[in-house]
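Observations on chain architecture
The chain contents come next:
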Amino acid sequence: MKKENVVIIGMGFLATYAIPCYERILGDEMSSRLVGIKGSERGLKERQAQCAFPVQVGRVRETLEEKRPGLIILAVKPNQIADMVEGTLAPYYQMLREKGEDLPDLYSFAPDPPVSYYYDALGSDVNAANQLPNMISCVAGYDLSQAGVSFVSFDSRKEWPEEKKKRAKEFLSPTGTIVEIAGDKANSFLALQVACHLMFEMNYIVQDIAKENGKDITLAQSASAYRALLRKRFNEPCVEVLPYSLDGIDDENMREFMDMMLNAWYDGVYSYSKTVDIPHEAADRMICGTMETFHMEAQLEPKEVLVQNTKNHATPGGYLEMALITINNGGYKYIEEQMRRWVKGEKDPSVRGEIEKIAFSVAKAVSDRGKTTSGINK
């Protein structure tokens, strides 16, 4: 495909994280073909320092008219999407139609509203896709990106030109393994990923219970062991980027509980995916890859970094905040108490089913929250 100009509306954390994706399609022309637009002056200098292309504040419509981009990336906050789409983008697309000019593709970096909203709001002649990047790439010098899942959604009513669809499907490849998911499933699919962010918490529980029993188990050891146990379910080449081993967990009862907990969490989140008709292959890859990725991160980072990362991502009203609220409503304490008992040899077979229910409730609560983030009624 010939190189086109690209305009990013909403030059925040997510749009900055995706810089390798722009580099991939623009190459050494990125600095001249790409413009990023922020909504305010706050953090402008820092953002300009991070980006090898111009970053400005405002002037969205004027910039679109000047640059005539072939691709628009929409990365504003979900609650700002309706105003931007209906107030700025729809009139711009209409102007292009009236002049007989080509219409730019649109990639939205939000799972809500679904891609069908753009088809309805901008017109059936606009190629629009939801693009959701995996948010873990390089940790402590290890490239973990391909273990995680990035995904793209299209509107089933829209036939894309083959070359443009290929670009859209491969756009996020620097950030993760790409899975295509139906447009109306994007929000629920993301909920599977967010529910598995709680692998951090599973490692904290191992550390705390070990300490109660006079043993020091590091996060690196517990996460490495979880990953070794996960090999029965997930063993793609990407897992070999970072070694793993059960060696740090010498208590057989603890190993058994960790294995049971991993499987119960998988089953609970997977059960939720079935209720919203997410295809098996997509759900399995998302759950396994996300579990793997967050255990990899826990293996490489100290607890204070993991806690801070969680705080950074658990924005008020967002997906991860809801996952944490849900598990902290009794689920975390239940799992901790059951591990405590299991390690002492008190093995209640009903525990697995209870942990499945906790995982299911987390995924469902996150998905339900996600449907409200944009405030757009679909």
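For the structure itself, consult the block above.
Before going into details, it helps to say that this report is about the structure given with it. (Residues numbered from 1 in each chain as written. Predicted model: local features only at pLDDT ≥ 70, side-chain atom pairs only at ≥ 80, totals over all residues. Heavy atoms only, no water.)

Examining empty space enclosed by the protein
- If you walk through the whole model with that rule in mind, you get two cavities of 30 Å³ or more.
- The calculated volume of the largest cavity comes to roughly 50 Å³.
- If you trace the largest cavity, you find it lined by Ala 210, Asn 213, Lys 215, Ile 217, Ile 249, Asp 250, Asp 251, Met 254 and Val 343.
- Its residues assigned to classes, the lining of the largest cavity shows five nonpolar, one polar and three charged.
- In this structure, the second largest cavity spans a volume of roughly 40 Å³.
- Lining the second largest cavity, in full, are Val 115, Tyr 119, Val 126, Ala 128, Asp 155, Lys 158 and Trp 160. (1 Å grid on protein atoms, 1.4 Å probe; cavity = no way out; pocket = protein on both sides within 12 Å on 5 of 7 lines; lining within 4 Å. Points joined across faces, edges and corners; volume = space filled by probe spheres on them. Nonpolar A, V, L, I, M, F, W, Y, C, P; charged D, E, K, R; others polar.)

Section: the pairing of strand S9 (residues 149–154)
- Burial analysis of S9 places six of its six residues in the buried class, the great majority of the element.
- The alternating pattern of S9 places Val 149, Phe 151 and Ser 153 and Ser 150, Val 152 and Phe 154 on opposite faces, both of which are buried.
- Direction of pairing for strand S6 (residues 128–132) relative to S9: antiparallel, over a ladder of four bridges. Considered in S9, the bridge of Gln 131 is made with Val 152.
- Taken together, the four bridges between S9 and strand S10 (residues 177–180) define a ladder with parallel strand orientation. By the bridge assignment for S10, Val 149 is matched with Thr 177.
- In this fold, S9 hands off to helix H8 (residues 162–170), which returns the chain to S10; that crossover is right-handed. (Buried < 20%, exposed > 50% of the residue type's maximum accessible area, 1.4 Å probe, protein only. Helix = DSSP H or I, 4+ residues; strand = E, 2+ residues; numbered from the N terminus. Pairing = 2+ DSSP bridges. Right-handed = clockwise from strand over helix to strand, strands pointing away.)

Notes on the sheet that holds S9
- One open sheet holds the eight strands; their spatial order is S3-S2-S1-S4-S5-S6-S9-S10, and the pairing between them is mixed. Each edge of the sheet is formed by a strand with only one pairing partner; in this case those strands are strand S3 (55–57) and S10. Looking at each pair of strands side by side, their axes are set apart by 25° on average, direction ignored.
- In the sheet, strand S4 (residues 71–74) pairs with strand S5 (residues 105–108) via four bridges, with the strands oriented parallel. Bridging from a neighbouring strand, Leu 74 pairs with Ser 108 of S5.
- Lying over the sheet, helix H9 (residues 186–195) contacts S6, S9 and S10, oriented at roughly 170° with respect to S9. (Axes fitted to C-alpha atoms, helices over the stretch in contact; angles between N-to-C directions. Contact = heavy atoms within 4.5 Å.)

Describing the packing of H9 against helix H12 (residues 252–275)
- Following both chains from N to C, one finds H9 and H12 inclined at 170°, their axes separated by 10 Å at the closest point. Our classification of the angle between H9 and H12 gives roughly antiparallel. Of the residues in H12, those touching H9 at Ser 188, Leu 192 and Ala 195 are Trp 265, Val 269, Tyr 272 and Ser 273.
- Looking at the contact of H9 with H12 residue by residue, the class counts come to five nonpolar, two polar and no charged. (Parallel < 35°, antiparallel > 145°, perpendicular 65-115°, else oblique.)

Function cannot be read off these values alone, since they describe shape.
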